[in-house]
Amino acid sequence: MADTPAVFPAWPGGAEVAVALTFDVDGESAWLGEGQQNERRLTLLSQGRFGPARGLGRILDLLAEFGVPATFYVPGHTADQQPGAVTAILAAGHEVGHHGYLHRGTDALDPAGQRAELEAGLAALGRHGVRPAGYRSPGWELTPETLALLGELDFSYDSSLMADDRPYWEHSGGTPLLELPGHWSLCDWPYFGWTPYYGGLLADPAAVERIWLDEFMSARQDGRAITYTMHPEAVGRGYLALMLRRVMTGMLSGGNPWFATHAQIAALATR
Ligand SMILES: [Zn+2]
């Protein structure tokens, strides 16, 4: 089935490009969701906990400094374990989206397991008064059953698939679902997410800064929306928060961006 690009009116304020800064606040959930073997790995878990406990504050300060909104995809487990993180995100006026409960990859779950993960995540965010309209699958893995469940549970948009670099319409059990695509190259984790056993790059931030700004310039030329995906446990490290500051400054000097939440972008999309 062909993917249909979404149609947008002019961006607000005469902006040339819509920029969605998004943050997945995985905390310990990404490691716990991999299985019980990680429950006693205190260093690994603490590396995750750095995200909501420390990195998030840096991100919120940076967003406040620039006066721009962002979207935070929060696993239910993080919301339950670090409720103050969700409170701080909401108090600053940002959007909270669904990112599973224990960050279990959808491809490893049967439909009942996927439903349980989705409903537990909804319940956890609901305890903060949030009914998320957007979903991002843990680990960016999505199955046909997930799409059907997202339609059934009344989600309006998803940010997990990559068939276009423009927002497009996906079909979730017959219901149109707006896809706000990301990409691994526009995510901090492949560059900076080093862990023992998994490895990683610990890349040079200057190289990533160039890639992210080049993609911004391409999006500006196309007049499209662009999504950056980050994790407070990675980009919330001091040296990487400085990189993000340079990227945002570069966007403001190289064009006229509209920094928007996924909800704000989705609200403008038509077929
Ligand atoms: Zn995640």
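Above this text is the structure in question.
Rules and cut-offs
Residues numbered from 1 in each chain as written. Predicted model: local features only at pLDDT ≥ 70, side-chain atom pairs only at ≥ 80, totals over all residues. Heavy atoms only, no water. 1 Å grid on protein atoms, 1.4 Å probe; cavity = no way out; pocket = protein on both sides within 12 Å on 5 of 7 lines; lining within 4 Å. Points joined across faces, edges and corners; volume = space filled by probe spheres on them. Nonpolar A, V, L, I, M, F, W, Y, C, P; charged D, E, K, R; others polar. Core = buried A, V, L, I, M, F, W, Y, C linked by side-chain atoms within 4.5 Å. Buried < 20%, exposed > 50% of the residue type's maximum accessible area, 1.4 Å probe, protein only. Helix = DSSP H or I, 4+ residues; strand = E, 2+ residues; numbered from the N terminus. Contact = heavy atoms within 4.5 Å. Phe/Tyr/Trp six-rings, centres within 6.5 Å; stacked < 30°, edge-to-face > 60°. Lys NZ or Arg CZ within 6 Å of the ring centre and 35° of its normal. Donors = N, O, S within 2.8 Å, 3.2 Å for Na, K, Ca; no water. Tetrahedral: all angles 85-135°; square planar, octahedral: opposite > 155°, others 65-115°. Salt bridge = Lys/Arg side-chain N within 4 Å of Asp/Glu carboxyl O.

Trainee: Where do I start with the layout of surface pockets in this structure?
Mentor: It is a probe the size of a water molecule, rolled over the atoms, that shows where empty space is left. For the largest pocket, the calculated volume is near 510 Å³. In terms of lining, the largest pocket is formed by 25 residues, of which the most central are D26, A30, H103, G139 and W189. Considering only residue class, the lining of the largest pocket consists of 8 nonpolar, 10 polar and 7 charged.

Trainee: Please clarify how the nonpolar core should be interpreted in this entry.
Mentor: It is characteristic of soluble globular proteins that their nonpolar side chains tend to be buried jointly. By size, the foremost hydrophobic cluster in this structure holds 48 residues, and its most contacted members are L21, F23, F72 and Y228. By residue number, the principal contributor to this core is helix α2 (residues 42-66), which donates 7 residues. Non-local contacts of F23, meaning those with residues more than four positions away in its chain, are made with I59, L63, A70, T71, F72, Y73, M230, P232, V235 and L244. By size, the runner-up hydrophobic cluster in this structure holds 16 residues, among which are A6, W11, Y73 and L178.

Trainee: Honestly, the packing of aromatic side chains in this entry has me stumped. Any pointers?
Mentor: The relative placement of two aromatic rings is captured by the distance of their centres and the angle of their planes. Evaluated as defined, the whole model comprises 10 aromatic pairs. Through successive ring pairs, a cluster of aromatic residues spans F8, W11 and W258. For R131, the ring lying beneath its charged end belongs to F155, and the centroid distance is 4.7 Å. Here R237 stacks its cationic end above the ring of F50, 4.0 Å away from the centre of that ring.

Trainee: Where do I start with unusual backbone geometry in this structure?
Mentor: For residues besides glycine, phi is generally negative; the peptide bonds are generally trans as well. The backbone of H103 sits at a positive phi, close to 55°, despite the residue not being glycine. Here H103 is to be found in the loop between β4 (95-98) and α5 (111-126). The class of H103 is buried, set by a relative accessible area of 11%. Unlike most non-glycine residues, L202 shows phi in positive territory, near 50°. On the secondary structure map, L202 appears in the loop between α7 (189-192) and α8 (205-222). A relative accessible area of 48% means that L202 is categorised as partly exposed.

Trainee: Please explain the coordination of the zinc ion as it appears in this structure.
Mentor: Each angle at a metal carrying four tetrahedral donors should ideally be 109.5 degrees, and each at a metal carrying six octahedral donors should ideally be 90 or 180 degrees. Protein coordination at the zinc ion comes from D26 (OD), D26 (OD), H99 (NE2) and H103 (NE2), with a distance range of 2.1 to 2.4 Å. Seen from the zinc ion, its 4 donor atoms lie at angles of 55 to 139°, and the figure they make is irregular. For the zinc ion, the single-chain donor residues occur in sequence as D-x72-H-x3-H. Here H99 lies in the loop between β4 and α5 and D26 lies in the loop between β2 (17-24) and α1 (29-32), a separation of 73 residues in the sequence. On the basis of relative accessible area, D26 is assigned to the buried category, the value being 7%. Under the relative-accessibility criterion, H99 is labelled buried at 1%.

Trainee: Explain the pattern of salt bridges here, please?
Mentor: Working definition: two side chains of opposite charge can pair if their charged atoms are close together. Under the defined criterion, the tally for this structure stands at 13 salt bridges. Close ionic contact of R224 with D165 constitutes a salt bridge, the shortest N to O distance being 3.8 Å. Taken together, the positions of R224 in the loop between α8 and β9 (225-230) and D165 in the loop between β6 (157-158) and β7 (168-172) put the pair 59 residues apart, joining distant regions of the chain. By relative accessible area, which is 5% here, R224 ends up buried. Of the residues examined, D165 reaches a relative accessible area of 37% and is grouped as partly exposed. The closest approach of N and O atoms between D222 and R224, which form a salt bridge, is 2.8 Å. Through salt bridges with shared partners, a single ionic network connects D165, E215, D222 and R224.

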